[in-house]
Amino acid sequence: MAEDATEPDLPVWARRLRAERTARGWSQGRAVQAMRAHAAERLPADSTLLRNWKRWEAGSCEPDGFHKSLIARTFGTVTAAFFPPPVPRDAEAEVIAATGMETVEILARLRSSDVSDATLQALRITADRLCCEYPYMPSEQLRVEGRAWLRRITTLLDRRLTLAQHREVLSLAGWVALLVGCVEYDLGLRRIAEGTRKAALTLGEEAGDAAVTGWAYELRAWYALTQGDHLGVVAAAEAGEAITAGSSAAVQLAGQRAKAWARLGDRRQVETALDRGRTLLEALPYPENTDHHFVVDPAKFDFYAMDCYRLVGEDGLAKMYAGQVIRSSTDPDGTERKPMRIAEAQLTLGVVAARAGDLEAAVAHGRRALHGERKSLPSLLMCSRELATLLRERYPKEPAATSYLDEVRALTTAQER
């Protein structure tokens, strides 16, 4: 893990404050000047700001709301990523338990002639639960369960429904179809996943649900990114943002656009896209459930930035953001809540190590990413190949590099079968 652990008693935000500053090579005085440059309001004298900055880095006091937002803006991120609000443990379990309904009871209601609001509410919670299980449930298992629930939901369309209920069912089916499309693509079922994505898009359009429609375009952007169609990413992002402006889907589309421009080598467009995503995310309320796959939690902005800074060669920033991604994706007891994000962070650390001449660390990070149980094969292979290309160019005759290249080839072959 790349996070600085020399002072473990410091608050996480205080350690990040120092990490962000040192990654840029700034003194505390230079950081104060940068903060002033990003402030729209008049600030106190430099001596006062510097004194406050020293207290913040020391963890002796926490910035107020105004300064939290200004600090996040100074470092190009969002406030809730830098200073995350406390989230109750087991929040997902509390949401699921709130239905008071077991699967048998839900199915019994589905078989009845009267589709009650309680039935629809239980199905909403079931759809949310499935979306929250995406980061860690095995792809094939989640696909089977998602398809089963999709059939159950769509059977309601044969019942007598009010107009509002009809739209609700279409929308629920759209969300589950989006999830199924994600796991199908994770499994390498490219053609099937695209068909499922198009079905979700149609369901969203019929339901008049801009959120479902927007996320269907986000899936198109993700598919295009991992297939190397970078201009296709930009086109999908533009189409999706026009439909779902100001939503979490628009934030994710901005992130995908930034990743595409980074791979096209356009640093200015990368910064523009990241800044647009940061502005959109800053304006959104903190999500009730950060585990939901179709909710952009503030910590995910660090994930976008990590990918982009790795590609444009900003190794200090890429390494710092990789540490933040690993920390925010891991529970205090060491449980990896978002293993796919952690895998890409490990690959980022591998790339940074390879560029620094540390082959052993580069291969170790690369293997850690490949050996995770929960994988999104297209995304994992996209980033693994970046590390593999670097190792091939810089260490063509080193056995450790050759061994890693063989592992990446084997995973590529497995996906293509």
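Residues numbered from 1 in each chain as written. Predicted model: local features only at pLDDT ≥ 70, side-chain atom pairs only at ≥ 80, totals over all residues. Heavy atoms only, no water.

Going by an unreviewed UniProt entry, the protein chain carries the name XRE family transcriptional regulator and comes from Micromonospora sonchi.

Enquirer: Before we go on, may I ask you to explain the overall build of the protein chain in this structure?
Expert: The helix and strand tally for the protein chain stands at 21 helices and zero strands. If you sum the accessible surface of the protein chain, you get close to 18,500 Å²; carbon and sulfur atoms cover 51% of it. (Helix = DSSP H or I, 4+ residues; strand = E, 2+ residues; numbered from the N terminus. Areas by Shrake-Rupley, 256 points an atom, 1.4 Å probe, with all protein chains shown as cover.)

Enquirer: How should the packing of helix α12 (residues 210-226) against helix α20 (residues 377-394) be read in this particular structure?
Expert: Between two packed helices, both the angle of their axes relative to each other and the distance between the axes serve to describe the pair. The contact between α12 and α20 brings their axes to 9 Å, and the two run at 40°. When the axes of α12 and α20 are compared, the pair comes out oblique. Of the two elements, α12 crosses α20, and the hand of that crossing is left-handed. Contact residues: α12 offers W222, L225 and T226, while α20 offers P378, S379 and M382. Split by residue class, the contact of α12 with α20 holds four nonpolar, two polar and no charged. (Axes fitted to C-alpha atoms, helices over the stretch in contact; angles between N-to-C directions. Parallel < 35°, antiparallel > 145°, perpendicular 65-115°, else oblique. Left-handed = near helix turned anticlockwise from the far one by under 90°. Contact = heavy atoms within 4.5 Å. Nonpolar A, V, L, I, M, F, W, Y, C, P; charged D, E, K, R; others polar.)

Enquirer: Would you explain the pattern of salt bridges in this entry?
Expert: Where charged atoms from two side chains of opposite charge approach closely, those side chains can pair. Following the criterion strictly, the structure yields 32 salt bridges and no others. Residue D331 is joined to R337 by a salt bridge in which the shortest nitrogen-to-oxygen separation is 3.7 Å. One salt bridge connects E407 with R367, and the closest N-O pair in it is separated by 2.7 Å. Taken together, the residues E407 in helix α21 (residues 399-416) and R367 in helix α19 (residues 359-370) connect sequence positions 40 residues apart. Looking at E407, the relative accessible area reads 23%, which means it is partly exposed. Here the salt bridges share partners, and the residues they tie into one network are R16, E20, R24 and D302. (Salt bridge = Lys/Arg side-chain N within 4 Å of Asp/Glu carboxyl O. Buried < 20%, exposed > 50% of the residue type's maximum accessible area, 1.4 Å probe, protein only.)

Enquirer: How do you make sense of the packing of aromatic side chains when you look at a structure like this?
Expert: Aromatic ring pairs: the centre-centre distance and the angle between the two ring planes describe each pair. Inspection of the entire model under this criterion finds 13 aromatic pairs. With 5.1 Å between their ring centres and 25° between their planes, F82 and F83 make a pair best called stacked. Aromatic pair Y309 and Y321: ring centres 5.9 Å apart, planes at 10°, arrangement stacked. On the criterion of sequence distance, the pair formed by Y309 in helix α16 (residues 299-311) and Y321 in helix α17 (residues 315-328) is long-range, its members being 12 residues apart. Comparing Y309 with Y321, the two get one shared label, buried. Taken together through their ring pairs, the aromatic side chains of W13, W26, W53, W56, F75, F82 and F83 make up a single cluster. Taking NZ or CZ as reference, R16 lies 4.8 Å from the ring centre of F82, over its face. R374 extends its terminal NZ or CZ atom over the ring of Y134, reaching a point 4.7 Å from the ring centre. (Phe/Tyr/Trp six-rings, centres within 6.5 Å; stacked < 30°, edge-to-face > 60°. Lys NZ or Arg CZ within 6 Å of the ring centre and 35° of its normal.)

Enquirer: Whenever I open this one, the side chain of S376 confuses me. Can you help?
Expert: Its location among the elements puts S376 in the loop between α19 and α20. A polar contact of 2.5 Å, which involves the side chain of S376, links it to the side chain of D186. Those residues in contact with S376 that lie beyond four places of it in its chain are D186, W222 and M340. (Polar contact = N/O pair within 3.5 Å; in protein donor to acceptor, adjacent residues only side chain to side chain.)

Enquirer: Would you explain the packing of helix α13 (residues 230-243) against helix α14 (residues 248-264) in this entry?
Expert: At their nearest, the axes of α13 and α14 sit 9 Å apart, and the two run at 160° to each other. In terms of orientation, α13 and α14 fall into the roughly antiparallel class. With respect to the hand of their crossing, α13 and α14 are arranged in left-handed fashion. Contacts between α13 and α14 pair H230, L231, V233, V234, A236, A237, E238, G240 and E241 from the former with A250, L253, A254, Q256, R257, A260, W261, R263 and L264 from the latter. Looking at the contact of α13 with α14 residue by residue, the class counts come to 11 nonpolar, three polar and four charged.

Enquirer: Even after reading the chapter, I still don't get the nonpolar core, so can you show me in this structure?
Expert: What tends to happen in soluble globular proteins is that the nonpolar side chains get buried as a cluster. If you look at the biggest cluster of nonpolar residues, it comprises 107 residues, and the most contacted ones within it are Y134, L178, F294, L391 and Y404. In terms of residues, this core owes the most to one element, helix α10 (residues 163-186), which gives 13 residues. Among residues more than four places away in sequence, those in contact with F294 are C131, W175, L178, L179, C182, W215, L219 and S248. In this structure, A31, A34, L49 and F82 belong to the second largest nonpolar core, which totals 20 residues. (Core = buried A, V, L, I, M, F, W, Y, C linked by side-chain atoms within 4.5 Å.)

Enquirer: Sorry if this is basic, but what is going on with the side chain of H67 here?
Expert: Structurally, H67 can be placed in helix α4 (residues 65-74). Here H67 falls in the buried class, since its relative accessible area comes to 12%. A polar contact is formed between the side chain of H67 and the side chain of D64, at a distance of 2.8 Å. Sequence-distant contacts of H67, defined by excluding residues within four places in its chain, comprise L49 and W56.

Enquirer: What exactly am I supposed to notice about the environment of M35 here?
Expert: Its place among the elements puts M35 in helix α2 (residues 28-37). Exposure remark for M35: the relative accessible area of 0% places this residue in the buried category. Here the alpha-carbon distance between M35 and I71, two residues 36 residues apart in the chain, equals 6.5 Å. What M35 contacts, discounting residues up to four positions off in sequence, is L43, L49, W53, W56, L70, I71 and T74.

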